[in-house]
Amino acid sequence: MVIKIPEKCVDVRAEADVLVVGGGPAGIGAAVAAARQGCRVMLLEKRGFLGGNITASYVETCNHFLYCTNFQTQGIYHEIEQKYRDSFGNSHDIRTYAPHRFSSEYLKVFLDDFLKHEQVAVKLHSFVNDVVIEDDRIQCVIIQSKQGPLAIKAGAVIDATGDGDVAFSAGIPFEQGRDKDGLCQPGTVNLRIAGVDVEKFSGEPDKLKLLWNKFLDDYRAGITGLSCKRQDLPAGRLTPAGIISYLNYSCAYGIDPTNPDDLTRGEMECRQYIMELYEYLKKNVDGMQNIEIASIAPEIGFRDSRRIKGLYRLTKDDIEANRKFDDVIAVYPRIYDMLAPDGNMEGDGGLEGGGYKGHIYVPIENSRTYQIPYRSLLPVKIDNLLVAGRCISADHIAESTIRAISACMLTGQAAGAGAALALKDGNAPKNVNIPKLQSILRDQGVDLP
Ligand SMILES: Cc1cc2nc3c(=O)[nH]c(=O)nc-3n(C[C@H](O)[C@H](O)[C@H](O)COP(=O)(O)OP(=O)(O)OC[C@H]3O[C@@H](n4cnc5c(N)ncnc54)[C@H](O)[C@@H]3O)c2cc1C
């Protein structure tokens, strides 16, 4: 059965040159890059805070895979990390030897100030699920608010929703999950625990890493009593207050990140897994007898979702060949990380399985990199829309590397700079002068050939 929704007249509440939808890593990169080109920028975010998965899913150790490699962060991400460090140091982590970690709580506050300073107009509690299109251009996006639908008019729009919600509303084709069955990586709800005996977990080697090993042994010996299939246990900061700022464990499989019924199942299933993990830790881990659950992340987090069809689809083969693009906008270390979409834990983590034989984890190798072309940020059909972050045009395996938080901020930065340049020169984003765009990005701290 279908029902027809009556047409409505909607207030145009605001107008921006560049309108960014989604305040996660990609959206932040996009908004700041465009504002620095002198545009009036508005950033719409459905939640009450910025940061995307970093804050909403407690993904605080964004770049653990760069630790002890030849690579450093670049561009706006690098700046944010440095400025955050100036204010909040290493976020109370007692493990000074560990990679940098944000505190998701301090980062929320930091980002409020940072975006204000960059003159980005932020609108929180602004869920976008519709657009008004004329002549193949988005004229307005529609926010669903408690005051009913509201329109925001824009010169150019950047979809940084992670799920490609704006592009979907505009009717742009997309792919999702694995080719054969559409399965995405599992959804995860992280948790924070308090009451850890800090003494027992202090010092080197990293005791939380040893906990991961014990967990794996117990799991394989069948003594954890846990019903979730996941076998690893990445952990976040350990603070003098006896907090472990996150445990990244629960995995709900077979969830479509855009389907409310699946999301409901995923949230509830993950909370059950969290309670089971809590019981296991309390009973089996020395130094955790007195723990309590301090918080459960506000929302289930996803590593992949819709991938919007663009003028170029980045593939695993491009990455493996380090294919060079004239319109390169980011160079990123080659790393793949895909949790098994079907929960199959048998694989060895190699690329060969293609996401069908267990997980993929291919760490950074020496100086091996790959290029991301600007065209993978340009959706087909609509002239003034760009996408950034994990929903850009890519195959499923390529997505498992471009989804890295600092890579998402780089594609965001390129989308923001591209949109601003297009408006300045009176072009569509697909017709921008590429060497000029690359030069802007270099000036903003991005390493390009
Ligand atoms: C548990 C977990 C662990 C992970 N671990 C790592 C890791 O260690 N390192 C790493 O690099 N990556 C990791 N990732 C992946 C990484 O978090 C994501 O790929 C990355 O955050 C994607 O950035 P994004 O900006 O594209 O999307 P998101 O971070 O999802 O941000 C999208 C933003 O848009 C907002 N939004 C969504 N829809 C709308 C809408 N319709 N209207 C308005 N706003 C909207 C959201 O609220 C959110 O703020 C992990 C992910 C998860 C879930």
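This text follows the structure it describes.
Residues numbered from 1 in each chain as written. Predicted model: local features only at pLDDT ≥ 70, side-chain atom pairs only at ≥ 80, totals over all residues. Heavy atoms only, no water.

Student: Describe the site of the ligand, with residues and values.
Tutor: Around the ligand lies a shell of 34 residues, among which Glu 45, Asp 165, Arg 390, Arg 403 and Ile 405 are the nearest. The side chain of Arg 390 places a nitrogen or oxygen atom 2.8 Å from an oxygen atom of the ligand. Between the ligand and the protein, one listed contact pairs an oxygen atom with a backbone N or O atom of Arg 403 at 2.6 Å. Coverage of the ligand by the protein amounts to 96% of the 1,000 Å² it exposes when considered alone. Mapped onto the shell around the ligand, the elements with two or more residues apiece are helix 1 (25-35), strand 4 (127-134) and helix 11 (405-425). (Near = heavy atom within 4 Å. Polar contact = N/O pair within 3.5 Å; in protein donor to acceptor, adjacent residues only side chain to side chain. Areas by Shrake-Rupley, 256 points an atom, 1.4 Å probe, with all protein chains shown as cover. Helix = DSSP H or I, 4+ residues; strand = E, 2+ residues; numbered from the N terminus.)

Student: Explain the state of the cysteines to me, and be specific about the residues and the numbers.
Tutor: Inspection of the entire model under this criterion finds zero disulfides. Cys 251 supplies the cysteine sulfur nearest to Cys 228, a cysteine that is in no disulfide, at a spacing of 5.2 Å. The exposure class assigned to Cys 228 is buried, which follows from its relative accessible area of 1%. Of all cysteine sulfurs, the one in Cys 408 lies closest to Cys 391, which takes part in no disulfide; the gap is 8.3 Å. (Disulfide = S-S within 2.5 Å. Buried < 20%, exposed > 50% of the residue type's maximum accessible area, 1.4 Å probe, protein only.)

Student: Give me the pattern of salt bridges: which residues, what numbers.
Tutor: It is possible for side chains of opposite charge to pair when their charged atoms get near one another. In total, this model carries 36 salt bridges according to the counting rule given. One salt bridge connects Arg 178 with Asp 181, and the closest N-O pair in it is separated by 2.4 Å. For Arg 178, a relative accessible area of 6% gives the class buried. If you follow the salt bridges from partner to partner, you end up with Glu 60, Glu 105, Lys 108, Arg 192 and Arg 237 in one network. (Salt bridge = Lys/Arg side-chain N within 4 Å of Asp/Glu carboxyl O.)

Note that all results are geometric; they support no functional claim without further evidence.
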